[in-house]
Amino acid sequence: MRDDFDYEDDFSSDFDEEEDDDFGMTFEEDVYLMIREKLRDTIQEFKLKYPELKKLENAVSSFKVNAKNTDDSKFYPLAAKLLSEHIKPLTTDSEEIQEIYDNMQADIARFKNQRAHGHEGDFYLS
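What counts, and at which threshold
- Residues numbered from 1 in each chain as written.
- Predicted model: local features only at pLDDT ≥ 70, side-chain atom pairs only at ≥ 80, totals over all residues.
- Heavy atoms only, no water.
- Helix = DSSP H or I, 4+ residues; strand = E, 2+ residues; numbered from the N terminus.
- Buried < 20%, exposed > 50% of the residue type's maximum accessible area, 1.4 Å probe, protein only.
- Contact = heavy atoms within 4.5 Å.
- Areas by Shrake-Rupley, 256 points an atom, 1.4 Å probe, with all protein chains shown as cover.
- Expected span 1.5 Å × (residues − 1).
- Arc of directions from axis to C-beta.

Colleague: For this particular structure, what's the right way to read the overall build of the chain?
Modeller: In terms of regular secondary structure, the chain is built from 4 helices and 2 strands. Per-residue burial over the chain gives 40% buried out of 126 residues. Considering only contacts in the chain between residues 6 or more positions apart, those separated by 24 or more positions represent 72%. Carbon together with sulfur atoms contributes 46% to the accessible area of the chain, which is approximately 7,800 Å² in total.

Written out as structure tokens, the structure reads:
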């Protein structure tokens, strides 16, 4: 159970790929972390090409979820929904942010339907 989630943790450089296994991870946690990873990687990959992604990076960096005493099956879908709502106002700023938002929705749909394909690819921009 998570009480909060900090976006800055996504940028830590002490990642060991061998430790990246799904052992003990719930489906909901796995989907949420995948969404965060794709979002982070997309911003990092494309922010120099699309400067407006800096606004998205700032919005995502400031995003915090605090849902005490919530089990994983409810916390992670809620966190994804709130993150989506948090960045939605930026979709009017650029087509790229709109594309990121739309592609993110495909992954968020997996919380309701585990058989949903979600967004294909490593980045939310093509």
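Colleague: What am I meant to see in helix α3 (residues 72-87) here?
Modeller: For an α-helix, 3.6 residues make a turn, and residues three or four places apart therefore share a direction. Taking 1.5 Å per residue, 16 residues should reach 22 Å; α3 reaches 22 Å between its end C-alpha atoms and fits that length. Listed as buried for α3 are Asp72, Phe75, Tyr76, Ala79, Ala80, Leu83, Ser84 and Ile87. For α3, the angular spread of buried residues about the axis comes to 160°, placing them on one side.

In short, the description is geometric, and any link to function would need to be established separately.
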